[in-house]
Amino acid sequence: MSPHDDDPTAFDDCAEFVGLAARAADGAIDDAGRARLEAHIDGCDACRRAVETQRLVHGLVALAYDVAPSPAFVARVVNGVETPTNWLDRLDFRAWTWRVAPVAAALLVAAGITVATSQVAAGSPAPATDAELASVSMPVAEALTDSDPFSDVWAQDDEASPEEGSR
Amino acid sequence: MGAAEVYDKQETWRVAGPDPTPGPDQSDADQVLVDRAKRNDQDAFRLLVEKYQSRVIGLVWGLVEDRAAAEDVAQEAFLRMFVGLKGFRGQSSFRSWMFQIAINAARTHRKARGRRLDVPSGEAIDLDAAAGTDRLDDAVVARDEVRSAMAGLPPEMREAVLLRDLNGLDYREIADVLDVPIGTVESRIFRGRARLRQALAPKPATEGARR
């Protein structure tokens, strides 16, 4: 595409000037761009006309849509806005939903861990209570005494083998 | 044609109008109002609407091609702006963001209702006064003709031309609003204006009319 596609007599080597032509027409061109375009336009009438066209239409568009809004427009818009009127609305739950979401998520995770831990503990035998221990037939004290189970054997051995000194 | 006259012709395009892009002060002023409006300050919101109503309605009008609907769509855009204000972090200028909302609202409207053209109002503008040129033989053209010509453009060209020529966004801002490369913006604006000029060119007289 070149600035003068509609001109069959023009050359096709003007494509790089499309952006500069548009900008030159509305004042958004820097000094370097302006210098390049001016140098080109000095020898290219088609591009010169293209820039004039751009400038002409640039002015027309603003005029065609120059709007005088209806006097009630602002009031209509402002009245359409629902501003918070009570403390419940002022709390702005939408905003708070996002703010407390991470905290809520952390609490949920913690609760989940707690439940899972208690379920694992329920699968292993619970420690005996005092009443349960008392109901066991073997006396608790005897059962739990660190007595030597081979004490009788040692006693027989002692009788069968006299003291070395007595030999 | 003398040398001085040639020089004047060249100066006509060389002396381009000022870039309508507002400076940083304007953006700062917007930011103050935006910050207040975020805190549900209704006066600040009202000031923002007052400031941008003409440009938003004009932009929407160019996109939906219906003056009456343009105010409704613009109102919808302002309400969307208010709702979204708390999420606006200022990464782009407020006006770019506002115009982006307006364009989206207009696109939604066009999809929902299809195209409708305005009834001509008969207002006229003088092209010579508007653009300082004598290249058009019939120098007076109805505003409606410009708007009808605009309606013949593809929407993407129309958006680019309106954002630049009506709303004064710079090329970088337009690229951000439309989410396209800046070269695409330049091309759309250039081609859009060229097509408008072709559509506005005086129609050749018919054989029958000449006799």
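Check the entry above for the structure.
Bear in mind the structure is a predicted one, so any value in this text is a computation, not a measurement.

**Focus on the pattern of salt bridges**
In this structure the tally under the stated criterion is 18 salt bridges over all chains. In this structure, Arg164 of chain B engages Asp26 of chain A in a salt bridge whose closest nitrogen and oxygen atoms are separated by 3.1 Å. You can see Arg164 of chain B sitting in helix α8 (residues 155–166) and its partner Asp26 of chain A sitting in helix α1 (residues 18–26), one on each of two chains. Where Glu71 of chain B meets Arg76 of chain A, a salt bridge forms, and the shortest distance between an N and an O atom there is 3.0 Å.

**Things to note about the packing of aromatic side chains**
Tallied over the full model, the rule gives 8 aromatic pairs over all chains. Arranged with centres 5.5 Å apart and planes meeting at 90°, the rings of Tyr65 of chain A and Trp61 of chain B form a pair that is edge-to-face. In this pair, Tyr65 of chain A is assigned in the loop between α3 (45–64) and α4 (73–80) and Trp61 of chain B in helix α3 (residues 42–64), connecting two distinct chains. Per residue, the accessibility class of Tyr65 of chain A equals that of Trp61 of chain B, and both read buried. Aromatic side chains Phe88 of chain B and Trp97 of chain B sit 4.6 Å apart centroid to centroid with 25° between the ring planes, which places their arrangement in the stacked category.

**Some words on the nonpolar core**
Counting 84 residues, the largest nonpolar core has Phe45, Val56, Phe78, Met81, Phe94 and Leu163 of chain B as its most contacted members. If we skip the residues at most four places from it in the chain, Phe45 of chain B touches Val77, Val78 and Val81 of chain A together with Ala37, Phe78, Met81 and Phe82 of chain B.

**Let's talk about the packing of α3 of chain A against α8 of chain B**
Remark: α3 of chain A packs on α8 of chain B, axes separated minimally by 9 Å, with the N-to-C direction vectors making an angle of 85°. Put simply, α3 of chain A runs roughly perpendicular to α8 of chain B. Residue-level contacts link Val57, His58, Val61 and Ala62 of chain A of α3 of chain A to Val161, Leu162, Arg164, Asp165 and Leu166 of chain B of α8 of chain B. Among the residues making up the contact of α3 of chain A with α8 of chain B, the classes are represented as 6 nonpolar, 1 polar and 2 charged.

**Observations regarding the environment of Ile182 of chain B**
Of note, Ile182 of chain B is situated in helix α10 (residues 182–200). Linking Ile182 of chain B and Arg172 of chain B, residues 10 residues apart in sequence, is a C-alpha distance of 6.2 Å. Leaving out residues up to four positions away in the same chain, Ile182 of chain B has contacts with Arg23 of chain A together with Tyr171, Arg172 and Ala175 of chain B.

What counts as what
Residues numbered from 1 in each chain as written. Chains lettered and ligands numbered in written order. Predicted model: local features only at pLDDT ≥ 70, side-chain atom pairs only at ≥ 80, totals over all residues. Heavy atoms only, no water. Salt bridge = Lys/Arg side-chain N within 4 Å of Asp/Glu carboxyl O. Helix = DSSP H or I, 4+ residues; strand = E, 2+ residues; numbered from the N terminus. Phe/Tyr/Trp six-rings, centres within 6.5 Å; stacked < 30°, edge-to-face > 60°. Buried < 20%, exposed > 50% of the residue type's maximum accessible area, 1.4 Å probe, protein only. Core = buried A, V, L, I, M, F, W, Y, C linked by side-chain atoms within 4.5 Å. Contact = heavy atoms within 4.5 Å. Axes fitted to C-alpha atoms, helices over the stretch in contact; angles between N-to-C directions. Parallel < 35°, antiparallel > 145°, perpendicular 65-115°, else oblique. Nonpolar A, V, L, I, M, F, W, Y, C, P; charged D, E, K, R; others polar.

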